[in-house]
Amino acid sequence: PICGEPLPAEVCDDVTNLNDSALEDGSFQYAGSTEGRANDHTGSCGSNNASDQAFSFTAPAAGDWVFTTKQDDPAADSYDTVVYVRSDCTDPNGELDCNDDSGSPQSLVSVHLDEGQTIAVIVDGYNEAAGPFVLTAYPFVTLNEGDACDPGNTRAACAEGLICGDVADGVA
């Protein structure tokens, strides 16, 4: 972080409420584009002179929340995004997490939120990139001993020290 003036409040006037895009599975998803938008925000991990879109999100439950522009279709992942989360839209020093390229040109951040906590999530472009994106937010679930698990599930994982497997695989 750097010391600086907070952003003018008007840069957050057109923030999109991600909670308005709820899906049946408890996740939230918004399809949009940064093309033609202003360059109001800059994250600490790779955005520079690119147009961006800011979202507000209020956690409906306490826990770890994931915000990602990664999609199941690699062909849809051509826009090189940067995603960052702030405790307040106008405070660049309130950045909670920032990611550029989580294994692809797409981005993924994870933050622990309290129930009712409101944050700002910004989808930005790498360097001067702009384009269409799909922002998805979902709760990440930590599974305890005895809980059913699926090694292919990216939305849940065994607690630290536990592995997902069958008795035949050596799981006790």
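Residues numbered from 1 in each chain as written. Predicted model: local features only at pLDDT ≥ 70, side-chain atom pairs only at ≥ 80, totals over all residues. Heavy atoms only, no water.

Draft legend 1. View of the pattern of salt bridges. The final tally for this structure, using the stated rule, is 2 salt bridges. Between Asp-14 and Arg-37 there is a salt bridge whose closest N-O contact spans 3.1 Å. In this pair, Asp-14 sits in the segment before β1 (16-17) while Arg-37 sits in the loop between β2 (28-33) and β3 (53-58), placing the two residues 23 residues apart along the sequence. A residue is classified by how much of its surface remains accessible, and Arg-37, at 27% relative accessible area, is partly exposed. The salt bridge involving Arg-155 is made with Asp-25; its shortest N-O contact spans 3.4 Å. In this pair, Arg-155 sits in the loop between β9 (132-143) and β10 (156-158) while Asp-25 sits in the loop between β1 and β2, placing the two residues 130 residues apart along the sequence. Classification of Asp-25 by relative accessible area gives exposed; the value is 53%. (Salt bridge = Lys/Arg side-chain N within 4 Å of Asp/Glu carboxyl O. Helix = DSSP H or I, 4+ residues; strand = E, 2+ residues; numbered from the N terminus. Buried < 20%, exposed > 50% of the residue type's maximum accessible area, 1.4 Å probe, protein only.)

Draft legend 2. The sheet that holds β3, seen in detail. Taken in spatial order, the 5 strands line up as β1-β3-β8-β5-β6 in an open sheet, and their pairing is mixed. Each end of this open sheet is capped by a strand with a single partner; those strands are β1 and β6 (95-100). (Pairing = 2+ DSSP bridges.)

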